[in-house]
Amino acid sequence: MDSSTVSASLSTGPVPTPDGSVVVNNPADISVIVIYFLLVLAVGIWAMVQSNRGTVGGFFLAGRSMSWWPIGASLFASNIGSGHFVGLAGNGAAGGLATGGFEWNALVIVIVLGWLFVPIYIRAGVVTMPEYLKKRFGGNRIRIYLSVLSLFLYIFTKISADMFSGAIFIREALGLNIYVAVVILLSITALYTVTGGLAAVIYTDTLQTIIMVVGSFILMGYAFNAVGGYEAMREKYMNAITTQTFDPVLNISANCYTPRSDSFHLFRNPLTADLPWPGLIFGLSILAIWYWCTDQVIVQRCLSAKNMSHVKAGCVLCGYLKLLPMYLMVFPGMISRILYTDTIACVVPSLCKQYCDTEVGCSNIAYPTLVVRLMPAGLRGLMLSVMLASLMSSLTSIFNSASTLFTMDIWTKIRPKATEKELMLAGRVFTLVLIAISIAWIPIVQTAQSGKLFDYIQSVTSYLGPPIASVFLLGIFVKRTNEKGAFWGLIFGLAMGLSRMIPEFVFGTGSCVRPSNCPLIICGIHYLYFAIILFVATCLLVLIISLLTKPIEDKHLHRLCWTLRNSTEEREDLGFDDWKNEDTDSKTDVDEDEQQDLPCWKKGYNWFCGFGQKAQKLSKEEEEILQKKLTDISEVPLWRNVVNINAIILLSVCVFFWAFYA
């Protein structure tokens, strides 16, 4: 790709190919994209009409009626956003296959989620993760803290990164301005997220997963065919060195543009590597526990399952799908560096700025460039749909879960007597606010971590996630942990994490060509090692403070920690729960009376938002039976054995892959 071509790709006009034609401006590509959007909207509207969106439980938990296959597909689609396509491929182009270890590490933690964490959440009868901490420890400060921090993490690591990476792809393929692309995508995405609730999101995620896997398999085939197979890729990647290394101002070291000698190894030097093996095994496991086992986006999907067997089967399906990103994203990113070396491996800041609009490197455009240059008409449109699918599936999941957090854990504190209609409206409005803040954060994402998007996401997580993981782990598995220990552990962990994160953003992470001025004592420790230190320090503080203060009595912990998960005794909740909506019933009755006299446009609006659907009123006995069903974790022995065997097979396959690429 020459400089004039790339310059054109950064303008607001269409992207020309070397022969002067427009990249995505033919009937085949446009038809595929139109069909894709119609299909997604059709599935979303169908799910929206079929589901009960008129109650908080129906909107946020899909009525707890989902089967294992949409849960597994939705877990995968929620995780694999466009940030993965751009970030994993970019890291593969820049540093080799080690970044695929992130996905295979997560595979193991997904099994931990289904077998250890979800049973506790279901037995506790919670909708959100802050709600679990409220029941486990009592008081409101931990619940508020986790709700606010989770929303900030969504903005810093998920929404802005996904929007940025999706916009990179669309800019490369369509030539749209990056912010115009973001606004168009968000408008479509928000439509069925804001109106349809979790059921619509999960069913559309299932469709997105099928499109993502099929489309990226096709691209992988084209990429390996272009490079000559796996062995040819190994040889050519090590020689993929850009010829454009002269800069009149900077003296650029050969280390900045030569492929790493350990590019085809997962386990790398613990002191000098870009991804040291202890960090990849232990540090990454801590981040994965935070993300997969305590994060609202992921856990909410599991809580919507019919029963525990469906939860576990969904986790196993997601685990099998997590084997694929190494082949569907990392290897194609490495091939992109081989085919378009001067662009993807650019090292001169002025040239990088010309190629991809950032001076720290162009590895982020490895996957989009491969699609735009390698795929024929029609399939190029399919791959654009794949990127839109990954972006939209990830964003819809985050939007739904973020609105759940805000509605159930913050708005109900501000407005304790809010009606269900008000709660759902507040969640939808908050989604729009979240979008605006995320767009404003995009410029920071663009330059962080030497332009390597995936490293940016993981580094921010390393600074803010470990304290949350430690409190959940200790809260579930160490009965002696109490509220004072958990709260001050979280505060200490936040202060320690910010002491690393803020200087890194102030000084900048720099690049190989222009290293950061951040003091070595602050930024010299690898972010995965920092995650281990932060996790251990938080755990120690939580345990010390808990042991020095009054323990929580067992009568408050029934079905809230592992040793008491099967307890049948009635639990006394800690403290008075001022989060309940006391006037919901009376206000709903007024709404029902007023509904009869509403004009047609108002009735249509209520139906579109799900406000016209009324929850069936249950007697006290019926509510008790329903609650018992929703907190049941029993399994049919046959299906329990089936999912257990599949989990063992999956873990065995995972160990083989780690050993093969070690």
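Residues numbered from 1 in each chain as written. Predicted model: local features only at pLDDT ≥ 70, side-chain atom pairs only at ≥ 80, totals over all residues. Heavy atoms only, no water.

- As annotated in an unreviewed UniProt entry, the protein carries the name Sodium/glucose cotransporter 1 and comes from Leucoraja erinaceus.
- For the protein, the Subcellular location (unreviewed entry) comment in UniProt is given as "Apical cell membrane".
- Per UniProt, the comment on the protein under Sequence similarities (unreviewed entry) is "Belongs to the sodium:solute symporter (SSF) (TC 2.A.21) family." (UniProt positions renumbered as here; feature names shortened; annotations may be inferred.)

## Description of the overall build of the protein
Point 1. On a plain count of helices and strands, the protein comes out with 28 helices and 0 strands.
Point 2. Nonlocal contacts in the protein, meaning residues at least 24 apart in sequence, comprise 83% of its contacts between residues at least 6 apart.
Point 3. For the protein, the accessible area works out to roughly 25300 Å², and carbon and sulfur atoms hold 65% of it. (Helix = DSSP H or I, 4+ residues; strand = E, 2+ residues; numbered from the N terminus. Contact = heavy atoms within 4.5 Å. Areas by Shrake-Rupley, 256 points an atom, 1.4 Å probe, with all protein chains shown as cover.)

## Quick notes on the environment of Ile 398
Point 1. Looking at the element boundaries, Ile 398 is found in helix H18 (residues 379-414).
Point 2. Note on Ile 398: relative accessible area 2%, which makes it buried.
Point 3. Spatially, the C-alpha atoms of Ile 398 and Ile 298 are 9.2 Å apart, while their sequence positions differ by 100 residues.
Point 4. Residues contacting Ile 398, with those up to four places away along its chain left out, are Tyr 154, Lys 158, Ile 159, Asp 162 and Val 297. (Buried < 20%, exposed > 50% of the residue type's maximum accessible area, 1.4 Å probe, protein only.)

## A few points about the pattern of salt bridges
Point 1. As enumerated under the stated definition, the model contains 13 salt bridges in all.
Point 2. For Arg 571, the salt bridge goes to Asp 573, with nearest N and O atoms at 3.3 Å.
Point 3. Note on Arg 571: relative accessible area 16%, which makes it buried.
Point 4. In this structure Asp 573 comes out as partly exposed when scored by relative accessible area, which is 45%.
Point 5. Three or more residues are tied together by salt bridges with common partners; here these are Arg 260, Asp 262, Arg 268 and Asp 274. (Salt bridge = Lys/Arg side-chain N within 4 Å of Asp/Glu carboxyl O.)

## Observations concerning the confidence of the model for the protein
Point 1. Residues with a pLDDT of 70 or more make up 79% of the protein, whose mean pLDDT is 80.
Point 2. Residue range residues 52-62 is modelled with pLDDT below 50. Its contacts to residues more than four positions away, or to other chains, number 51 contacts.
Point 3. Confidence over residues 578-595 falls short of pLDDT 50; this stretch has 33 contacts with residues more than four positions distant or in other chains. (pLDDT = per-residue confidence, 0-100.)

## Comments concerning the packing of helix H14 (residues 325-339) against helix H17 (residues 366-374)
Point 1. Interaxial distance between H14 and H17 falls to 8 Å at its minimum, and their mutual angle equals 70 degrees. In terms of orientation, H14 lies roughly perpendicular with respect to H17. The chirality of how H14 crosses H17 is left-handed. Note on element contacts: H17 touches H14 through Ala 366, Tyr 367, Thr 369, Leu 370 and Leu 374, opposite Leu 328, Met 329, Pro 332, Gly 333, Ser 336 and Leu 339.
Point 2. Counted by class, the contact of H14 with H17 contains 8 nonpolar, 3 polar and no charged residues. (Axes fitted to C-alpha atoms, helices over the stretch in contact; angles between N-to-C directions. Parallel < 35°, antiparallel > 145°, perpendicular 65-115°, else oblique. Left-handed = near helix turned anticlockwise from the far one by under 90°. Nonpolar A, V, L, I, M, F, W, Y, C, P; charged D, E, K, R; others polar.)

## Some thoughts on empty space enclosed by the protein
Point 1. The final tally for this structure, using the stated rule, is 3 cavities of 30 Å³ or more.
Point 2. In this model, the largest cavity occupies a volume close to 380 Å³.
Point 3. Along its surface, the largest cavity is lined by 26 residues, and Asn 79, His 84, Tyr 291, Ile 457 and Gln 458 are the ones closest to its centre.
Point 4. Contributions of two or more residues to the lining of the largest cavity are made by helix H4 (68-79), helix H5 (82-95), helix H6 (101-124), helix H8 (141-174), helix H11 (277-294), H18 and helix H20 (453-464).
Point 5. Element by element, the count of residues in the lining of the largest cavity is highest for H11, at 6 residues.
Point 6. Along the lines of polarity and charge, the residues of the lining of the largest cavity split into 12 nonpolar, 10 polar and 4 charged.
Point 7. By volume, the second largest cavity amounts to about 60 Å³.
Point 8. For the second largest cavity, the lining is made up of 10 residues, of which Phe 164, Ile 168, Cys 356, Thr 358 and Asn 364 are closest to its centre.
Point 9. Examining the composition of the lining of the second largest cavity, we find that 3 residues originate from one element, H8, more than from any other.
Point 10. Across the lining of the second largest cavity, the residue classes tally to 5 nonpolar, 4 polar and 1 charged. (1 Å grid on protein atoms, 1.4 Å probe; cavity = no way out; pocket = protein on both sides within 12 Å on 5 of 7 lines; lining within 4 Å. Points joined across faces, edges and corners; volume = space filled by probe spheres on them.)

## Digging into helix H28 (residues 637-661)
An α-helix turns once every 3.6 residues. As a result, residues three or four positions apart point the same way.
Point 1. For H28, spanning 25 residues, the distance from its first C-alpha to its last is 37 Å, which sits close to the expected 36 Å at 1.5 Å a residue.
Point 2. Of all the residues in H28, the buried ones are Val 643, Ala 647, Leu 650, Cys 654, Phe 657, Trp 658 and Tyr 661. (Expected span 1.5 Å × (residues − 1).)

## Brief notes about H14
Point 1. Taking 1.5 Å per residue as the helical rise, H14 with its 15 residues ought to reach 21 Å, and the 20 Å between its terminal C-alpha atoms agrees with that figure.
Point 2. In terms of burial, H14 is largely enclosed, as 13 of its 15 residues are buried.

## Some thoughts on the nonpolar core
Point 1. Counting 176 residues, the largest nonpolar core has Leu 97, Trp 104, Leu 113, Tyr 121, Tyr 132, Trp 292 and Tyr 367 as its most contacted members.
Point 2. In terms of residue count, H8 provides more of this core than any other element does, 18 residues in total.
Point 3. Residues within four places of Trp 292 in sequence aside, it is in contact with Leu 75, Asn 79, Ala 106, Ile 109, Val 110, Leu 113, Ile 298, Val 299, Cys 318 and Lys 322. (Core = buried A, V, L, I, M, F, W, Y, C linked by side-chain atoms within 4.5 Å.)

## Considerations on the environment of Leu 75
Point 1. Its location among the elements puts Leu 75 in helix H4.
Point 2. For Leu 75 and Leu 317, which are 242 residues apart along the polypeptide, the C-alpha to C-alpha distance reads 9.1 Å.
Point 3. Apart from residues no more than four positions distant in its own chain, Leu 75 is found in contact with Trp 292, Ile 298, Arg 301, Cys 302, Gly 314, Cys 315 and Cys 318.

## Some details on the state of the cysteines
Point 1. The tally for this structure, following the rule as stated, stands at 2 disulfides.
Point 2. A disulfide bridge connects Cys 346 with Cys 352, and the sulfur atoms are separated by 2.1 Å. Of note, the bridge from Cys 346 to Cys 352 carries an S-S torsion of about 130 degrees and is right-handed in sense.
Point 3. In this structure Cys 346 comes out as buried when scored by relative accessible area, which is 10%.
Point 4. The class for Cys 352 is buried, based on a relative accessible area of 0%. (Disulfide = S-S within 2.5 Å.)

## Looking at the packing of aromatic side chains
The way to describe two aromatic rings as a pair is by their centre distance and the angle between their planes.
Point 1. Summed over all chains, the structure comprises 27 aromatic pairs.
Point 2. Note on Tyr 291 and Trp 292: the rings are 5.2 Å apart at their centroids and 85 degrees apart in plane angle, and the pair reads as edge-to-face.
Point 3. Judged by relative accessible area, Tyr 291 falls into the buried class, the value being 13%.
Point 4. Here Tyr 327 and Phe 331 contribute two aromatic rings whose centre-to-centre distance is 5.5 Å and whose plane-to-plane angle is 75 degrees, an arrangement assigned as edge-to-face. With a gap of 4 residues between them, Tyr 327 and Phe 331 both fall in helix H14, about one helical turn apart. (Phe/Tyr/Trp six-rings, centres within 6.5 Å; stacked < 30°, edge-to-face > 60°.)

## Things to note about unusual backbone geometry
Point 1. We note that Arg 559 has phi near 65 degrees; this positive angle belongs to a residue other than glycine.
Point 2. One can find Arg 559 in the loop between helix H24 (527-548) and helix H25 (584-595).
Point 3. Classification of Arg 559 by relative accessible area gives buried; the value is 14%.

## Examining a nonpolar patch on the surface
Point 1. Side chains of Leu 425, Val 429, Val 433 and Ile 437 sit close together on the surface and give an oily, nonpolar patch of about 310 Å² of accessible area.
Point 2. Within the secondary structure, Val 429 is located in helix H19 (residues 420-447).
Point 3. The class of Val 429 is partly exposed, set by a relative accessible area of 47%. (Patch = residues over 30% accessible without salt bridge, like charges linked within 9 Å, V, L, I, M, F, W, Y side chains within 5 Å.)

## Structural notes on the side chain of Asp 262
Point 1. Residue position: Asp 262 is located in the loop between helix H10 (230-238) and H11.
Point 2. Setting aside chain neighbours within four positions, we find Asp 262 in contact with Arg 268 and Ala 273.

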